[in-house]
Structures are given as structure tokens and as C-alpha cells.
Amino acid sequence: MKKRFPYKKVLIVGCGGAGKSTLALEMGKRFGLPVVHLDKLWWLPDWQNCSEQEFDEMLSAKLIKDDWIIDGNYFRTFEERLKYADLCIFLDYDTELCIQSVYERAEKYKGKTRPDMTDGCIEQVNDEFKNWIISYKENFRPRMLSKLQNGSVPYIIFQTRAATAKWLDGFANA
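First things first, this report covers the structure right here in the doc. (Residues numbered from 1 in each chain as written. Predicted model: local features only at pLDDT ≥ 70, side-chain atom pairs only at ≥ 80, totals over all residues. Heavy atoms only, no water.)

### Comments concerning empty space enclosed by the protein
The tally for this structure, following the rule as stated, stands at 1 cavity of 30 Å³ or more. Counted as a void, the largest cavity has a volume near 30 Å³. Forming the walls of the largest cavity are C15, F90, L91, D92, Y93, T95, Y136 and K137. Secondary-structure elements contributing two or more residues to the lining of the largest cavity are β6 (87-91) and α6 (127-139). (1 Å grid on protein atoms, 1.4 Å probe; cavity = no way out; pocket = protein on both sides within 12 Å on 5 of 7 lines; lining within 4 Å. Points joined across faces, edges and corners; volume = space filled by probe spheres on them. Helix = DSSP H or I, 4+ residues; strand = E, 2+ residues; numbered from the N terminus.)

### Points about the pattern of salt bridges
Evaluation of the coordinates by the stated rule reveals 13 salt bridges. Here R76 and D56 are joined by a salt bridge, their closest N and O atoms 2.7 Å apart. Within this pair, whereas R76 is found in the loop between β5 (68-71) and α4 (78-84), its partner D56 is found in helix α3 (residues 52-63), the two being separated by 20 residues in sequence. Its salt-bridge partner being E123, residue R105 comes within 3.1 Å of it at the nearest N-O pair. Taken together, the residues span a long stretch of sequence, with R105 in helix α5 (residues 95-108) and E123 in the loop between α5 and α6 at a distance of 18 residues. Under the relative-accessibility criterion, R105 is labelled partly exposed at 22%. Counted as one network, the salt bridges with shared partners bring together D39, R105, R114, D116 and E123. (Salt bridge = Lys/Arg side-chain N within 4 Å of Asp/Glu carboxyl O. Buried < 20%, exposed > 50% of the residue type's maximum accessible area, 1.4 Å probe, protein only.)

### Quick notes on helix α1 (residues 20-31)
For α1, built from 12 residues, the straight-helix expectation of 16 Å at 1.5 Å per residue is met to within 8% by its first-to-last C-alpha distance of 16 Å. Residues of α1 that are buried make contact with β1 (9-14), β2 (35-37), β5, β6 and α8 (161-169). G32 sits one or two positions beyond α1 and adopts a positive phi of about 65°. (Expected span 1.5 Å × (residues − 1). Contact = heavy atoms within 4.5 Å.)

### Let's talk about the packing of aromatic side chains
Here the structure, examined in full by the defined rule, presents 16 aromatic pairs. When the centroid spacing of 5.5 Å and the interplanar angle of 50° are considered together, the rings of F158 and W167 count as tilted. Across the pair, W167 and F158 agree in class, each one buried. The structure contains a cluster of three or more aromatic residues connected by ring pairs, namely F5, Y7, F31, F158, W167 and F171. Looking at R143, its charged tip hangs above the ring of F75, at a distance of 4.3 Å from the centre. (Phe/Tyr/Trp six-rings, centres within 6.5 Å; stacked < 30°, edge-to-face > 60°. Lys NZ or Arg CZ within 6 Å of the ring centre and 35° of its normal.)

### Digging into the layout of surface pockets
Quantified by volume, the largest pocket comes out at close to 1,300 Å³. Every residue lining the largest pocket is counted, 44 residues in all, and those nearest its centre are G16, D39, R105, R114 and F129. Listed by contribution, the elements that provide at least two residues to the lining of the largest pocket are α1, α2 (38-42), α5, α6, α7 (141-149) and α8. Broken down by element, the residue count for the lining of the largest pocket peaks at 6 residues, all from α1. A per-class count over the lining of the largest pocket returns 20 nonpolar, 11 polar and 13 charged. Of the pockets and cavities examined, the second largest pocket occupies roughly 150 Å³. In terms of lining, the second largest pocket is formed by R4, F5, P6, Y7, K8, F31, L33, D67, A172, N173 and A174. (Nonpolar A, V, L, I, M, F, W, Y, C, P; charged D, E, K, R; others polar.)

Right, here's the structure in full:
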């Protein structure tokens, strides 16, 4: 028998291309939770970004709500988001899988904006983004893990998509 999903405020973090937004959307649909994509808050059309102050104000308005799933890294605000979360899911997938996934996503949304992004941000893979993915495990992963390990929020680290799917399938739909 599947158990009820016990969380109301879930953070999903991990490398670009790991599938954070895809997982957030699936969980939102299954468990009736609203989904917040940090990329959609940060980016304005044509890959222009809002100010940190504007981003922080929009994020604060989301964090105080009763329930949500928030996907995205944005390390500058990670500690603040953790204060509100009941669970953090860390998608710690292989770098090559993440790179392959962003190229597949770019092909799927070629010339279009993907659903978890601000309108007018046409899907692309540039060298800066690819290099960020390549450097994630060395430069960003340790900082995220340190915040999780030294914090009080329960967290789960998934190293494969199969493990993530198995965990998710253990819960009944809302």
C-alpha cells in the first residue's frame, strides 16, 4: 500500500539538466502542490534577469505560502529557502547525463520557450551553461551539500533517475 505524501514545502536542487523542473511538475501534479520555478522568477524575456531585490521579493512572497515545490539552485537564496522547507531533494546525477539532457531539451524546445521558463527565453545551450554543468560537482555541489548536512531540514540525495522514480512511486497520488 502506498503512503500519503507528507510534505507541503519541497525544494529540488541539483545540476542543470538533472531534471529538477520535470520532477517538480510531476510531484505538483501527483500531490496537488503548486510549483515555483526559480528560473521563471529570475529571467525576464530575452535572457535578461531581474534585480536581486526584485527576485528576493518575488521569492519571499512564494516562501510564505502554505505549500509549494520550488525547483532551482540559486545558491545565494538557498539558506533562506531551507528555513521554510520540510524536505530538500538533491538530484546528484552524473555530469554526462546532465549534459546529454540539456542538449535533448534544447532540441525538443528548439526555437521555443520551455514551460518552466519565462516567455521570450528561447531554449539554448551556450558554452557558459555547459561549463557551469561541467564544473557543478566540483564548484557548487560541495557548498549545497554542506548547507544540507549542517542544517535541520530533512533531505534525500538521489544519484539515479531510477532511484528518484522508485521513491516517488512509493506515494499515493493526491
